[in-house]
Structures are given as C-alpha cells and as structure tokens.
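Each chain, letter by letter, is given below.
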There are 4 protein chains.
Amino acid sequence: MQLEAYQIADHNNKLQEAHQRKLSYWTDEIANAETVIQKLIDFQIAIPSWALGTGGTRFGRFPGGGEPRSLEEKISDVGLLHALNQSSGAISLHIPWDIPKDGEAIKSLAASYGLRFDAMNSNTFQDQPDQPLSYKFGSLQHVDRAVRQQAIEHNIEVIKHGVALGSNSLTVWLSDGSCFPGQLNFRRAFERTLESLEEIYAALPDDGGTAPWKMFVEYKAFEPNFYSMTVGDWGSSLLFANKLGPKAYTLVDLGHHLPNANIEQIVALLLMEGKLGGFHFNDSKYGDDDLTVGSIRPYQLFLIFNELIDGMDRKGMNHATDLGWMIDASHNVKDPLEDLLQSVEAIQLAYAQALLVDRAALEEAREANDVVRAQEILQEAFRTDVRPLVAEARRRAGGALQPLTLFRQLNIRQQLIGERGHKTIATGL
Amino acid sequence: MQLEAYQIADHNNKLQEAHQRKLSYWTDEIANAETVIQKLIDFQIAIPSWALGTGGTRFGRFPGGGEPRSLEEKISDVGLLHALNQSSGAISLHIPWDIPKDGEAIKSLAASYGLRFDAMNSNTFQDQPDQPLSYKFGSLQHVDRAVRQQAIEHNIEVIKHGVALGSNSLTVWLSDGSCFPGQLNFRRAFERTLESLEEIYAALPDDGGTAPWKMFVEYKAFEPNFYSMTVGDWGSSLLFANKLGPKAYTLVDLGHHLPNANIEQIVALLLMEGKLGGFHFNDSKYGDDDLTVGSIRPYQLFLIFNELIDGMDRKGMNHATDLGWMIDASHNVKDPLEDLLQSVEAIQLAYAQALLVDRAALEEAREANDVVRAQEILQEAFRTDVRPLVAEARRRAGGALQPLTLFRQLNIRQQLIGERGHKTIATGL
Amino acid sequence: MQLEAYQIADHNNKLQEAHQRKLSYWTDEIANAETVIQKLIDFQIAIPSWALGTGGTRFGRFPGGGEPRSLEEKISDVGLLHALNQSSGAISLHIPWDIPKDGEAIKSLAASYGLRFDAMNSNTFQDQPDQPLSYKFGSLQHVDRAVRQQAIEHNIEVIKHGVALGSNSLTVWLSDGSCFPGQLNFRRAFERTLESLEEIYAALPDDGGTAPWKMFVEYKAFEPNFYSMTVGDWGSSLLFANKLGPKAYTLVDLGHHLPNANIEQIVALLLMEGKLGGFHFNDSKYGDDDLTVGSIRPYQLFLIFNELIDGMDRKGMNHATDLGWMIDASHNVKDPLEDLLQSVEAIQLAYAQALLVDRAALEEAREANDVVRAQEILQEAFRTDVRPLVAEARRRAGGALQPLTLFRQLNIRQQLIGERGHKTIATGL
Amino acid sequence: MQLEAYQIADHNNKLQEAHQRKLSYWTDEIANAETVIQKLIDFQIAIPSWALGTGGTRFGRFPGGGEPRSLEEKISDVGLLHALNQSSGAISLHIPWDIPKDGEAIKSLAASYGLRFDAMNSNTFQDQPDQPLSYKFGSLQHVDRAVRQQAIEHNIEVIKHGVALGSNSLTVWLSDGSCFPGQLNFRRAFERTLESLEEIYAALPDDGGTAPWKMFVEYKAFEPNFYSMTVGDWGSSLLFANKLGPKAYTLVDLGHHLPNANIEQIVALLLMEGKLGGFHFNDSKYGDDDLTVGSIRPYQLFLIFNELIDGMDRKGMNHATDLGWMIDASHNVKDPLEDLLQSVEAIQLAYAQALLVDRAALEEAREANDVVRAQEILQEAFRTDVRPLVAEARRRAGGALQPLTLFRQLNIRQQLIGERGHKTIATGL
C-alpha cells in the first residue's frame, strides 16, 4: 500500500492550528529554531530491512500480521514510514535475507519512494541451508582457512550487491568469539580476523568518487558468544580499523556495551581519532535488548548527540551525510512500523535538543570548571520541548505532523494484513 | 543405545591402578573421605529433557547430530549419562515438549535406566501451534482473564502428567513482565500472577504421603522481557511463596540475577526462611548465558554449596532429597551429553569440596572475627583436589572413573548419529 | 546570613514578564496546571545536614569554603535554601555529627527558618573517638553482644534526640556486612541484626498521636562492605520490616542497587505491601555515586515518581507527608548549596511531569496491551517542559523564580566564606 | 623487628615430614614439577608501600595497631614478608607519601632485606598541604596550564627519586575525569593529558642500559570520578601509550573494569601489541573493591596467568622481569601483613597452575574446535593442588613452608605493636 498526499494534507490541516500555536511559542523562545528545523529536514535515518518484521528471543517469537514477505514489500514499508515522517529516506539491507534479484529494478523501486540504500550488512553469524561450511565456531576468525575464505567471499558478494544498489558502505558485524575459557586463542583469533578483514577491505570499490566506500567494524561485548567476542569493544574495533586503513571505521551500536559504559565518551574519542563511521540506534536496560530508541535512557541519547554534533562540527563534517545513521532494534511486543516511528522521533528529538546546546557558553563553563553551569546548559537544552520543531520539520518536508496518529487513523496495519495475510513472517527472521 | 556393564568395567580396570594411587593419597589426607564418598554416591542431579539437544540464541543455532527425536530417546540419553556417572538419576520434563502418551510405559522405561522423574516444567512463554490465546503479553499476569485461565489450566495439566510419572514438584518459570516503561501496572501484574498461582497451588495433589507436592516459583532478572520481570528477584519470589502457602518455594537459577549479585547469601536467607525449594545449575559471565556448570566461576559454585550444606544441615534436611537439584543449561557449542557430563562433575566437585569445610573451625573463626582464618578454611577446602573422591564415588556406584573419556572412546555420539541421523532436532527446540 | 524578602522580590520582578509568558502558554496547554502547582507548593524535600559540606572519596576531598561549622550554621544553610526555593522545609540530622546541646533552642532556630526536623539518622558505621567498642566488624550484627548493645543504645539515644526536636522517624542504615567469603555466617548476622532492631523498635515512642514514629530500614547492595551487606536489597529489608512490625518500613536510596536494577518496580511492590517508608534521592552511573539528583538518569527519576504517585494515590496517601523525602548526595566537585538547589529542582520537575501522566488513559492502554500508546502517554508527560510550573510554585510560595541564578547574583557563597572562612570543614566530614 | 633464620628453620623442620609426603606425591603426578618450582622461586611480586597500613573507605577506617610510621618501617615490613615467603622481593613507593630523605641510605636498607625498588607511583589525585594549586578538577587534564605544569613537575620529581633508588619505571594513575555530564570536553581532556604525559615521557632517563625506564599508563573505569575517567579503559590507555612511544605501556589493575569485563582477553591483546607493561593484583566483586588477591574469583586469576604465560612465552619475555608485578589492595578488615601473605600465595598458586597447562594439547584442541577438551585442559591444571609446589619453592629459597602460620606463631603483629604502638597510622593514609 502507498500513502496518498491528500491523506497527509488532511491530517496536517486538522492539526495545523494547535501545531502553529505551539510552534510560534517555541520559535519565539528558541533563537536558532529555523536552523534546527532545517537540520532536522536534512537528517535521515536508515531503516534496516530486518526491523520491519516482529523480532523475538531464543524463548519465543510472537508475530503480528502483515509483515513484508519480500524485499519489495520491505522497501514498500520503509516507503510508508518515509511518507509519514520524511526522515527515513534510506534502507539498509541484509544479505542473504534481502538478495536483490534485479538490482536495477530494486533501485528504481526504492527511488520511487524517495529511498536510497545505506550500509550493506553481511551475515556470517548463521548457517544458511545451502552453505558448505558452518560458522558454528566463527567465521572470519575460524581456525579453518576454508571457512574464513567462505566468509570473506560472502562479504565480497555483499559489496557487489551494494555497488549495484548504489550503497557505499559495508557493515561487518561478527558474532565471532568463544563461549568458554580455553576455547579460543585470543591473539590468533584477532590475527585471523584481521587477515580476513584485509581481504574484504581490498575488495572495497575505489572509484575516486565523492562518496568512497567505507567498511564499518562493529563491536559487541557479548552475545551470542558468552565468554569472549573477538571484536568486543571500541578498543579492539579501533585496533582493527587502524590496521586496516583509512576506509575502515568503528561502528557504535548503543546496546553493545558492558553495564554502565560511558558511550558518549567513546563517541567523542572515536571522532577525535577520525574513526567513527556509523551508529546503530536502539535502547536497552540490561544487554543488547534492542528496545525502541529513547525508551529507557533518553538523556544518554541526548548526551551522545551532544558529542556527535560537537565532534562533527569541529571536523567540518556534514551531520546528514558523513556518518552512517541507522536504527537497529528488535520489535518483540510492538508493531514494527509503530516502533520505528517512535524510534525515529526519539532520535530527532535528541538531535534537536543537542542542537540547542549553547556551545560557546558550555566551553566557557568548562574552562572555568563551572560544573554546575555546564550541567545547567545541557539540561536547559534537554528540558526544552522540541516536539513542535520536529513536527514542523516533518510538515515542511511533506510528512505528517503526527505520524503515529495518522498511521493508526489510516488503519495501515490492518490494510497490510489484508494485503499480506495474518501469518506472514518477514524474510530472514 | 545402551551401555553394557563390561564396557564400564573394562574402562575402570585400565585406570584402576592410577586411580587407586591418587585415592590412597587423598583418603590419607582427608579425614572424612569416606563420608564424602558416600554422600557423593547419594547425590543425584536431574537432567532437563531440553538439555539433550543443541541450544541456540536468537542469532542462530548450530545443531550437532544424533539428537533425541522423542521423549523415549531423551530418556535413553539420560540413561546413558547415568550409566556413565551414576549421578544423573533423574529427568525433568517440559510440557508440552515432552508429553508422555502413555505414562505407565514411560515410567517403566525410565525405571529401566534407574531414573525417576524430577520437577515438571510448564511452558507459558511460547505459543504452541494449536493454542487458542497468545502469551505475547504474559500468561499468569495477563490482563485478559481468559489467557490467565488457559495458562492456569496448562499448569494443572502439567501437574497431572507429573502425578502419572511419579514426580512431586512443579517448577513455574514465568517469562511474564514487560519490555517498556509504562507497559505494565506492576502491582496489578503481581496481583494477577498471585491469583493465578493460587489456583494452580490449589491443584497440587495432597495425598498425605512422605513426599508431598511442591511448587517452585522461579525468578529471573531479565530476558525475554527487557524492562521488568514480574517474578524478577528472590524478594518477589519469596513474597509469592509466602502468600501462597507451605507448599510453595523459591527456586534459584544461577544465571537469573543482576550483575554481581551475592547468590550464596540469597541461598542462606532462603534456607533460613525455610523457603528454598530447588536449584538450577549453570554458569554465566554476562546474563543468563546458560554455560556449563563451573566453567566460569567455580569458586562461587563452591561458596553456594558451602551455604547449602550449612543451611540444610542446620534444619536436618537430607542433601540428596530435600531440595530439587537440576541442571539448566544451553549447549550451543558443545556436544550436549559431554557438556552435561562436565556439568555434573563440576557440581560434584563443588559439593565434595564444601563437605570438606571444617565447620566448627569456621564458626570459631567467625565468632572471633578472624577474617583471614575464615578465608583460609574455605580455601583450604576449595584448593583440595577432590577429583579422586568423585571418581571413587562413581566407581563404587557402578559408573565410570572418567565418564567423558569413556564417552569418547566408545564413540557414543557417532553411534547416536548412526541411529538417529545427522539432521535431527530435539523436540521442543 | 539570611535572605531578605526584597531580594527575592527584586529578582522575581525582573524575571516576571518572561516567566508569565511561559507560564501562560503552559497553563493553556496543561489541563491540570493549577493542581500541579498546588501540589508542588505542598511538596517539601528534607536536606540532610551532612550534605551542606563538600563530600569526598577515599582518594581525597577538595573542600570549598564557607562550610557550616556547627549545627546552627547547618540549619542556617537549609534556611537559605528554603528561602530560595520554598521546597526544602525540613532538615535531617545525623547523630553524633549534629548532637543538639539544647533541643528547644535548636527547634526554635529551625522554626524561625520555617524548617521542621525530618528523619533522624544514626551512625554505627564509624568509630567515634570516645567510643568503647569498635564497629570494625559490624554493629547490630556483631558477634559480640556488647557491641550490639552499644549500637542499640546509640540508636535509642538518637530517637530521644528526635523526640526533643519533633522528628518522628529513625533511619537505620547499616554498613554491616562482610568483605570476604567465609567472614560471616549470613543467617546469624541476619538474626542478630533482627534481634538488635527489635530492641530499637521497642524504644520507638508511641504517643497515640497523628504522626506515630516510624523506623526506616535502609538497604544497600555494597560498600563499605565489598562481599555481602546484611541488609543488602529490598527483599532483605522487607523481611526485616515485616518481622519487626507495623512501624517498620523499607527505605529506598536510588544509589543502593546492583547494576540495571528496576527501582521503579521495587517502589511499586513496596507500596503494594504498605511497606515503603521513605526515599533518598541522588543519582549514579556506577555505584553509590551520590551525584546530583536527575543528573544522570532523569527519565528513571520520572518513572519512579510515576509509580510513587500511582501507588500513593491508590492507598489514599498524602504525597507531601506520608513518605519521608530526603536528598542524600555527596557534593565532591560542586558547591553543596548549588548542588542541592539543582537536586530539589530535578525532583520537582520529575514530580510535576509524573503528575501530568494521564492515568486513566494509561490504564486503558495497559488493559489493551497497547504498549506503544502506554509509552507515548509516559513520554508525553516527560517531554513536557514543566519548568514554568515549578517556578510558579516557588514564586507563589515566596521563593525565587530562579534560585540558582539568585544564589549567584547575591554572592551567597562569598558571603558565607566571609563569615566562616575559607578552610572550614563541615562537622562530621 | 627482623626474622631470624633459625625461626624459619625450626618452623620448616616441624612441618617437613608432612610437606615431603605431599610434595613427593605431586612431583610424581606432575611431569614438569621441577620447572614449576624453579619458576616460582624466580617470581617476585612487589609490595606497594601503602598496603602496609589499614585501608578504609569514605565511610570510615578501622586501624589495627603496629602500622609502619616511616618509610624505614615500611621497608622493614616488606622485609618481613620477604623473609617469610621469599617472593616479595620488591617494594613500590608512592610519592609524596614515601619521599626518601637519603636515597642511598634507603637503598642500602632495602638491599639489607633483599629488596629492590619496583615502579614509582606519583600522586596527583590528592591535594597536599603545601601544594599551590588544587587537583580538584584534574591534574594532567586540567584546563589551567599551571596546574598541569605542577602535576608534570611532580611526576618528573618522582622519576628522580626513582633513579636515586634504582627503580626503572613510573606508574601514572590519574583520577582525572568528570563527575557530571557536560563537565568535561572529552577530547580536550584527552589532548591535554597526552600533552602532559609527553612532557613526563621526555623526562624518562635513557641510559642505554639493559633495563630502560618505562612509563605505565594505568586505566580505571570509574572512581573517584563518577561520570567519566580520562584514562578509562584499555582502549584509551593503549591510545595514549601508542602516541607516547616505545617506553610507554598499559598497566592493568584487576579492579579497574566495568562489570563482567573479560580481563584475560585484554591481557592477551595488550601482549599481542607489545604494550602490556605491568599488573596490579587484587580482587573484587563490585568495583575497585581492592580485596585480597584470589579471594573472590580465583579462576579468573588463573585464566589471566594462562594468557600472561602464553603471551610472554611467545615473545620470549622473562616471566620474572619483563612485566611489573605488583599487589594493589586495601586492607580494611584484615591485618595488612596477613592479607599480603594470602595475596602473594594466591598469585603463586595461579601462576603455578597456569604453568601446568598443557599448551600443545590446548592449541591442538583449539585448532580442532574441541571446546570440551580445551576446557578440560584448563580445568585439569586449575583443579590440581599445587600448594606443595609453592611451599617447596619457598622452602628452597629460604622461606617458610607456611608463612601465615609462622607469622601468627611468632606473634609478629603483637611485637610490631610493642615497637610502634597501638594508634599508629601508616604515613599517607
């Protein structure tokens, strides 16, 4: 199904008066409101193809209905989101779950929804039915050269799919690690992984264009391996990225840390080193819980954006294009599309709040060791109700003032169920 | 397949000389060696039926071969374990994964292997294909009375299966909880769960026998719900158990705590309150990792046994029979049977070491605030190499001196693959 | 020093226009704005006497200047805070750091600032110079009856001081526990502690008045003991409170939990049981960091207030008077008075936001398992900028629109340094 | 006081028969027993001067008696330990707590006990009475160049003291960080710290000798700063060390990590990078608890030694001399000397067990993905009772078979109290 422009217009018209009242108040209160709105319009968050179906845990999965049954339907779902919020203008594919049979056709389809292809994701954490060798004991780290070769070739194939679709980055998340003390020679696992990554790195296209290919090395503290992970923290990821070369970067996923980690500091240091490549948004309380962005620790999210803006501005980076922004969540008890609407909005709110931070005053407070004032400056921004600015950005870009409300009013899920049935399971899950 | 007595005898004969040398040394060194050996012979650990197949995570599962395809084959596998170590003389079933079609026949089959039926486990954390109502939003806590009723009836059915098999306890593990702030009214979730448990409790058989039925209320800090669990810690479990009555107890699973929890203290307090009912053994580094018992924190396991013995002895409880002892692990990268052999041995070692603790001296040191001495007393026991005692206990009971070695020498897994095939998946997984 | 009414009036006058503009907007937007303002006026948070000086860690302490040198000066400092924000109308004393020589005089002095005496705090975690027996190995749990007796008598003395000052509650925080496995018999430590608490409980005055004395049993997961704490979690605290009787309650300190604990659920359960007695506010990232309230996890603070309001309303409890509200923080790098102003404001903001939650709609969403909507309802309230309401409540009560700004404009700290000197150290630290 | 040779001889004679019986058994059982004993004799662990007095927490300190009142008495205490165990042949000083007035005399005194000077420790986490500028807001990271300069000069002075004493390493532990979001510009804090470290690095002596000076950059996750630490994890420490140059190394303290960190993997990676410089031993359950080594997680300690041996052997490093080995604990409830005897023994046991690991078999198991076997190989070593080997190593080196027993039999603490008094407080605490 596809949204019609009039549906959004009708929705906005009904809410316009109340919206305008709030907006006027806040544009009066906030000096740089116009700048913020414009930056929000430019800021797009990629939707991963696997987030369009219901997720689950090892204990069970409780699917809803109307899940996309094909790559085309996944693109259609992201198109729907983008039509509603005008902020989800990219899709991130996962191979082999989303192998495009006809790259050009898929590219056109996406373009028809205003979507581009963000980072490509390879999968060496599962065995596919027709796969000759198993990843049970790792992929790029495997003791058997043949398994490593299989995993390397898979990644190179993913790059090729990416080239065909106009993507320009590859995210390598490895579940490689060990479940028990003794299982792994940590050093050799590192060295073998590095060697494998080097071969993949060598296959990155280099067309001298304006947006050269990047490789994102994602780290994770634990799960599915429960003793060690070979790319376990930002320290190891940065080691890999530095050894690989200028096209390799670290990717930060909010749920991939040990308890209490200071993620915003990690972000600042990686930006300092010029090695932050991308971001996976979600939220968590215990581990890699993959909850809706901003649902557990919205202030941490704001603090992370505060560092992102500071670090990117200092290097003259473009907020919208110079890092890979993606949601990576698992929707176990919510409608995936509703969850994604909430997640995108939470990201936009945090971004907008961070844009309100008076950076000159903050640096002044810091240089004076005025800890109280520094906190006030941050919380002044965080406590500001930026929802009207975010809504206005959506409106100006052609989206809905209240995407979630409209999603429900239009009975979109019910329509999808009508089209696709109750018992679908999104490919890959 | 079944082990022949001569196979064990041959194995033991070959190892007997070396074993005897070690044993003699240690029985000389350890005053109560004979008592320890006898207690080890009596001590039996139940094997859960679901632990006989390869486990997995939400990211994937890498099955081995020769997994049991039926309840009968699961019982056969536990029979094998028990033949090897003479310490796994019980099986804990999971309904609906292991519904016995003919209770009497199953009971006889188990008896033929020397096995009895330990606690029965109900399942309201998954939806079964033919199930009218979904547990997506909980079972005993559910807002809808009909869902609660369905879950109550399932538990009562499980009790009936247990009665048929000669079990006398029901373990209720609830995944009930919430994934997001706001989702749940904590109080009402508690009250509804209590009300549901009361109905199940009322269905516990009361035949006035020597081993009256018990209900174990298991707690877990997180997963599969990632914001709150309705039976989330020992405090809530004890609240439930106290409100339910004398047949209700708390069950402790080693992997179900927040980071750094002092589990041995929890054990001591629950025993003090007369409310510890049973134990699920495994090990973990991060969360409910379900690793091989003793593979990560063997000293913690010893400290727990130290409290178990102290608390049970004080109440005149029988180590072997007055608590429910069960392994609850997930074998993702090891052969399940090998993993279970390692787990049982780790439990026996910890139990034996804890039996060596000089309790009179320990209490004396405590009363004198002699912290250094108290630590020495515990570590004196822990550092003792009790492997020869454990081996001797197995030998005397008719088991193998080195079960794992024999398992491999006899090519048992290969034989099972021969019988059952490479691509089997244990029922329930 | 004391604030003059005209100083506040001048300050407010200058800010009035801007304040009024914001207030008008929000009172239009928020249906129950007037109710919220009134509840904010009624809500008072006690200041602990030890929080008026610079705190520190085992590694060092970096005092500022002008710290209060006596109980009188501590009261004066709280008086200052209360004059500024009209929300700190109580002080919580710590014995022996704040022994009043003349109870009546101290009571009058406090009354002159509009202050009452909140919970009294005993101290058995330190040895005082003239103390016969040491608490090195615990106090109420101690193996030596004489030490326990000394600690019991100290607590009874604290109650007497409280009676003289018009307080009606005693907070018992015990550092009792152990640093090493083996050191403590957990059960006996519990039993001895219980026995000791029973003697203190028996000494609680019972005058049949409208505000009968309460005993708050505070729990803490770790520190200063690093292996076990005898009152280590809400489960143990509740066990003690239930065994003690109706005047005993659990006290929750936000920093006293294991990593990732769901404190709001604990709050809900304790309220359900009628056993929540009081609250110590602070914030933390790692352990008992004792940071400014709301500086790390403001959303968690809001969620806690959401449960507090829900649970208290259901039992018909008075928000302002039926629980003990206190800040318990350590000001290591901020001016203590500024830190307290920020903390009180953070509490008020969370309280106000929680008062905005549409509870009927929330329950409706819960009963419909509408997780998305439930989250929206909570975040709708949390994202609302309630600062104008909080400022208005202060203004109406006679306080400053911007207490921190005024504190700085009036150079209050410099004046205190002038009065008291640069090198003062608050008594007790 | 000083131990006489005959006292040790008498003690050993009485225990010799029982010792010999155990030793004979184990030297028969363990193929490489002689090698292990020799390596144990060579292995020396430095004692930090501050560990000789009772430690404490921010809540209190409960001193024992007979604590050393001067640097000379601290050296004497380490001399005592070394006489007892012949494994504590080095002392690590802390400036300004241990400023030697006469370097040569102190050096001779130490030599008379058979002690050398291990790493020197600077202190910029406290303000000293006569110090012009405060470290309240950091030292090497401070926004004020003058404060940084003061801290740099202090470190250079510490190096000079070290040169005079024959030490050849400087440990820089910085408490620098922040307590609140906003307080610090992470990047500038890093850059300023780096710049300061570079100046200290430049002052390292370079005499072309066989043991060139090293700088150890210690990291810590939190405390005393509770929001961020500028050298917060091994990733940041390694960044600093790499930017500084070949003489800079990372130092690992067991208590300085986030919950659940895999320290053994960190050790392996740092050794791989040639950047592990030294080790601070202690144990912990919650944070930087600074408990007796091996008292909480002895298996983790073994796993760390397993990596140390593997990594050092591969690079041809000398176990005894190529890394800095030091205890860093706080003795809050134990006699400091007894605690140190327990700690040194725990380190020796872990080292000995790790020397028993059959490395060839382990690598073979790993290359075959035989996880079960790999675990068996490690646990085979860990479960071996190596106490007789450790005792024998002590005996051969001239130490006591049971140092703790002898310490008590000789009433050493009472003698020290006799000499020094009951109310001493070790300098620096």
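Residues numbered from 1 in each chain as written. Chains lettered and ligands numbered in written order. Predicted model: local features only at pLDDT ≥ 70, side-chain atom pairs only at ≥ 80, totals over all residues. Heavy atoms only, no water.

- Labelled according to an unreviewed UniProt entry, chain A appears under the name TIM barrel protein, originating from Larkinella insperata.

**Examining the interface of chain A and chain C**
Part 1: Across the contact, 38 residues belong to chain A and 38 residues belong to chain C.
Part 2: Summing both sides of the interface, chain A and chain C together bury roughly 3,500 Å²; the carbon and sulfur share of this comes to 48%.
Part 3: It is A:Asn260, A:Val372 and A:Arg383 that lose the most area in chain A upon contact with chain C, and together they represent 19% of the buried surface on that side.
Part 4: Linking chain A to chain C there are eight salt bridges.
Part 5: The partner of C:Arg408 in a salt bridge is A:Asp370, with the nearest N and O atoms 2.7 Å apart.
Part 6: It is helix 12 (residues 371-382) of chain A that contributes the most residues to the side of chain A that touches chain C, eight residues altogether.
Part 7: The class makeup of the residues in the side of chain A that touches chain C is 15 nonpolar, nine polar and 14 charged. (Contact = heavy atoms within 4.5 Å. Buried area = accessible area lost by both parts, 1.4 Å probe. Salt bridge = Lys/Arg side-chain N within 4 Å of Asp/Glu carboxyl O. Helix = DSSP H or I, 4+ residues; strand = E, 2+ residues; numbered from the N terminus. Nonpolar A, V, L, I, M, F, W, Y, C, P; charged D, E, K, R; others polar.)

**Concerning the relation of the copies chain A and chain C**
Part 1: Between chain A and chain C, the superposition needs a rotation of 180° and an axial shift of 0.0 Å, giving an RMSD of 0.0 Å. Here the symmetry operator amounts to a two-fold rotation axis. Within chain A, A:Asp385 has its C-alpha nearest the rotation axis, a separation of 2.8 Å.
Part 2: In this assembly, 100% of the residues forming the interface of chain A have copies in chain C that are likewise at the interface, indicating an isologous arrangement. (Least-squares fit on C-alpha atoms with pLDDT ≥ 70 in both.)

**A look at the packing of aromatic side chains**
Part 1: Counting across every chain of the model gives 86 aromatic pairs over all chains.
Part 2: Both rings, one in A:Phe279 and one in A:Phe281, keep their centres 5.1 Å apart while their planes meet at 35°; by these two values the pair is tilted. Like A:Phe279, the residue A:Phe281 is buried in the burial classification.
Part 3: Three or more aromatic residues joined by ring pairs make a cluster, and in this case those are A:Phe43, A:Phe279, A:Phe281, A:Phe305, A:Trp325 and A:Tyr351.
Part 4: Seen from the ring of D:Tyr201, D:Lys247 lies directly overhead, with NZ or CZ sitting 5.6 Å from the centre. (Phe/Tyr/Trp six-rings, centres within 6.5 Å; stacked < 30°, edge-to-face > 60°. Buried < 20%, exposed > 50% of the residue type's maximum accessible area, 1.4 Å probe, protein only. Lys NZ or Arg CZ within 6 Å of the ring centre and 35° of its normal.)

**Digging into the pattern of salt bridges**
Part 1: Counted under the stated rule, the structure contains 124 salt bridges over all chains.
Part 2: Residues D:Glu223 and C:Arg58 are paired through a salt bridge, measuring 3.0 Å at the closest nitrogen-oxygen approach. In this pair, D:Glu223 is assigned in the loop between strand 9 (214-218) and strand 10 (228-229) and C:Arg58 in the loop between strand 2 (56-57) and strand 3 (60-61), connecting two distinct chains.
Part 3: With a relative accessible area of 27%, C:Arg58 lands in the partly exposed category.
Part 4: A salt bridge links C:Asp118 to C:Arg116, with the nearest nitrogen and oxygen atoms 3.1 Å apart.

**Some remarks on the pairing of strand 7 (residues 169-173) of chain B**
Residues and elements named next belong to chain B.
Part 1: By the criterion of burial, strand 7 is predominantly enclosed, with five of the five residues buried.
Part 2: What you see with strand 7 is no split at all: Ser169, Thr171 and Trp173 on one side and Leu170 and Val172 on the other are buried throughout.
Part 3: Across two bridges, strand 6 (residues 120-121) lies against strand 7 in parallel orientation. Within the sheet, the bridge partner assigned to methionine 120 lies in strand 7 and is leucine 170. (Pairing = 2+ DSSP bridges.)

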